[in-house]
Amino acid sequence: MKTCRVAVVGLGRMGSTIDDELRDYPAFTLPFSIAAACQASPHLELAAGADILPEKRDAFAERWGVKALYGDYLEMIEKEQPDLVAICTKGDLHAEMIVAVAGAGVKMIFCEKAIACSLKEADAALDACRKNHVSLNTGVLRRFIPLYAKMKEIIGAGGIGKPTAVVHYAAGTLLHSHIHSIDTAMYLLGDPEAVGVWGELRPRDTAFKDNRLDHDPRAIYHIEFAGGIEAFTVPAGGWEFEVIGAEGTLRSVNNGAGCLMRKAHKQGKRTMMEPAPFPEYEKKSGTVILLEDIATAAEQGRQTLGNIEVTHRATELCFAIAESHRLGRRVSLPVENRDMYVFHV
Ligand SMILES: NC(=O)c1ccc[n+]([C@@H]2O[C@H](COP(=O)([O-])OP(=O)(O)OC[C@H]3O[C@@H](n4cnc5c(N)ncnc54)[C@H](O)[C@@H]3O)[C@@H](O)[C@H]2O)c1
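Along its length, the protein chain carries eleven helices and 17 strands. Here the protein chain has a C-alpha radius of gyration of 20 Å; the compact-globule value for 345 residues is 20 Å, and the two agree. Structurally, the protein chain occupies a C-alpha span of about 70 × 50 × 35 Å along its principal axes. A buried classification covers 57% of the 345 residues belonging to the protein chain. Nonlocal contacts in the protein chain, meaning residues at least 24 apart in sequence, comprise 70% of its contacts between residues at least 6 apart. With an accessible surface of roughly 15000 Å², the protein chain has 51% of that area assigned to carbon and sulfur atoms. The average position of the 39 basic charges and that of the 45 acidic charges among the side chains of the protein chain differ by 6 Å.

Structural data, given as structure tokens:
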């Protein structure tokens, strides 16, 4: 693998400092920020950074020893010609930055989640990536974390029989949180197409004004995937995922610090789900895996793990939840209302 020169846009928590908040948290193997992941990987070189705030640029220079710093990210791209641009600004800038970075000729993009505040914006990001042959992953980190890869491997190999449902636990907002829960559910099931969505925003009287919400509301959902597999969210407890199959179950616990497995055993006429050992797996930083996946995918001419098509579908499901709430009924896909806007960070 060739060394990949990475430039970061947005030198805040995800771009630079978030590891300071996550030390001693067993759910995530560090490094977590883009800059820290680049420093940890022999295949990634932290080449440049852009932020509109001078104090963020100064702190980035001091922390990471990077000299190429800019207030304007497009000027940074023109002058530094990075291989990969990591967009780590807040959510309302993601789609327009994907379009601009792809248009500037960059073939590898990391963008924080969620990629858009409307389906119209998500469509524009999808078009720009397709047209410019961009390799992209987004910040839905569980897709890149080895624990979830092991769960997916077990499910794919028939280790819990035919999966019938995925249940996500934890209260969450529509775009900031449920882009994660939906992406993880899709990933565990092998990214099936969805056929129908029911959703409700909380509080229940949340109302759109001019097809727009200026905050990211809490949400619950039920998604039906092709083949009849269902995904639900339960707005309680900490972040966990349970995949229920005909012959067993898997449940990630404590936000992915571990996983409990149960297998079906016949006891007379009844089937009992008994604890079974979850296999060993190597713990590694999801951010390093995610960035290296973009670089190797581009080199090998293959799709990334969380490519633009997949991330566009997960985004469509988030907006389908909002549209279901707005219309007061279940919706099918694709969502017709592509102008609906939901602000999120
Ligand atoms: N994947 C995860 O688990 C995870 C964790 C934390 C944050 N995030 C996401 O990362 C994104 C950033 O969040 P954060 O907490 O790091 O925010 P932050 O506020 O700490 O950092 C954002 C930075 O972007 C800069 N910025 C704003 N406009 C800019 C522009 N036009 N050009 C260059 N820089 C600009 C700001 O000055 C700021 O320094 C959000 O979308 C958030 O949801 C994801």
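Right, picking up where we left off after that structure.
Taken together, 25 residues sit near the ligand, with R13, M14, D51, E112 and G139 positioned nearest. In the environment of the ligand, a nitrogen atom lies 3.4 Å from a nitrogen or oxygen atom belonging to the side chain of E112. Separating an oxygen atom of the ligand from a side-chain N or O atom of K113 is a distance of 3.3 Å. More than half of the atoms of the ligand fall within 2 Å of the grid points belonging to the largest pocket. Looking at the shell around the ligand residue by residue, the classes come out as eleven nonpolar, eight polar and six charged.

A few words now on the layout of surface pockets. One number sums up the size of the largest pocket: a volume of about 990 Å³. Where the lining of the largest pocket is concerned, the elements lending two or more residues are α1 (13–17) and α6 (94–103). Residue composition of the lining of the largest pocket, grouped by class: 18 nonpolar, eleven polar and eight charged. Shared between two domains, the lining of the largest pocket holds at least three residues of each, these being domain 1 (4–141 + 287–307) and domain 2 (143–282 + 313–342). Estimates place the volume of the second largest pocket at around 160 Å³. Taken together, the elements giving at least two residues each to the lining of the second largest pocket come down to α7 (119–131), β6 (135–138) and α11 (308–327).

For the rest of this paragraph, the subject is the packing of helix α5 (residues 73–80) against α6. It is at 11 Å that the axes of α5 and α6 come closest, and there the two elements cross at 25°. By the criterion of interaxial angle, the relationship of α5 to α6 is roughly parallel. Note on packing geometry: the crossing formed by α5 with α6 is right-handed. Counted together, Y73, L74 and I77 of α5 and E96, M97, A100 and V101 of α6 form the full contact between these two elements. Along the lines of polarity and charge, the residues of the contact of α5 with α6 split into six nonpolar, no polar and one charged.

Take the sheet that holds strand β7 (residues 163–169) next. Taking strand neighbours across the sheet as the criterion, the nine strands line up as β15-β14-β13-β12-β7-β11-β10-β8-β16 in an open arrangement whose pairing is mixed. The sheet is open, and its two edges are formed by β15 (270–276) and β16 (331–332), each paired on a single side. Note that strand β8 (residues 194–202) and β16 share two bridges and pair antiparallel. In the sheet register, V197 faces β16, and the bridge partner there is V331. Sitting on the sheet, helix α9 (residues 178–188) touches β7, β10 (218–225), β11 (230–234) and β12 (240–245), and the angle it makes with β10 is about 20°. The strands touched by α11 are β8, β10 and β16; relative to β8, the strand with the most contacts, the crossing angle is about 60°.

On to unusual backbone geometry, then. Omega for the bond connecting R202 with P203 falls within 30 degrees of zero, at -5°, which places this linkage in the cis form. Within the secondary structure layout, P203 lies in the loop between β8 and β9 (212–213). Geometrically, the link from L333 to P334 is a cis peptide bond, its omega value of 0° lying close to zero. Along the chain, the position of P334 falls in the loop between β16 and β17 (341–342). One non-glycine residue, Q81, lies in positive phi territory at about 45°. Along the polypeptide, Q81 turns up in the loop between α5 and β4 (84–87).

Evaluation of the coordinates by the stated rule reveals two cavities of 30 Å³ or more. What lines the largest cavity is a set of 17 residues, and nearest its centre among them are A27, F28, T29, I145 and K284. Secondary structure elements with two or more residues in the lining of the largest cavity: α8 (146–156) and α10 (286–300). Residues that form the lining of the largest cavity fall into these classes: eleven nonpolar, four polar and two charged. Residues from two domains meet in the lining of the largest cavity; each of domain 1 (4–141 + 287–307) and domain 2 (143–282 + 313–342) gives at least three. Volume-wise, the second largest cavity comes out at about 40 Å³. If you go around the second largest cavity, the residues you meet are A171, G172, R202, R218, A219, I220 and P235. Looking at the lining of the second largest cavity, the element that brings in the most residues is β10, giving three residues. Of the residues assigned to the lining of the second largest cavity, the class counts are four nonpolar, one polar and two charged.

So, how was this worked out
- Residues numbered from 1 in each chain as written.
- Predicted model: local features only at pLDDT ≥ 70, side-chain atom pairs only at ≥ 80, totals over all residues.
- Heavy atoms only, no water.
- Helix = DSSP H or I, 4+ residues; strand = E, 2+ residues; numbered from the N terminus.
- Rg over C-alpha atoms; globule rule 2.2 N^0.38 Å.
- Buried < 20%, exposed > 50% of the residue type's maximum accessible area, 1.4 Å probe, protein only.
- Contact = heavy atoms within 4.5 Å.
- Areas by Shrake-Rupley, 256 points an atom, 1.4 Å probe, with all protein chains shown as cover.
- Lys, Arg positive; Asp, Glu negative; His and termini not counted.
- Charge placed at Lys NZ, Arg CZ, Asp CG, Glu CD.
- Near = heavy atom within 4 Å.
- Polar contact = N/O pair within 3.5 Å; in protein donor to acceptor, adjacent residues only side chain to side chain.
- 1 Å grid on protein atoms, 1.4 Å probe; cavity = no way out; pocket = protein on both sides within 12 Å on 5 of 7 lines; lining within 4 Å.
- Sits in = over half its atoms within 2 Å of the grid points.
- Nonpolar A, V, L, I, M, F, W, Y, C, P; charged D, E, K, R; others polar.
- Points joined across faces, edges and corners; volume = space filled by probe spheres on them.
- Domains from an automatic or database assignment.
- Axes fitted to C-alpha atoms, helices over the stretch in contact; angles between N-to-C directions.
- Parallel < 35°, antiparallel > 145°, perpendicular 65-115°, else oblique.
- Left-handed = near helix turned anticlockwise from the far one by under 90°.
- Pairing = 2+ DSSP bridges.

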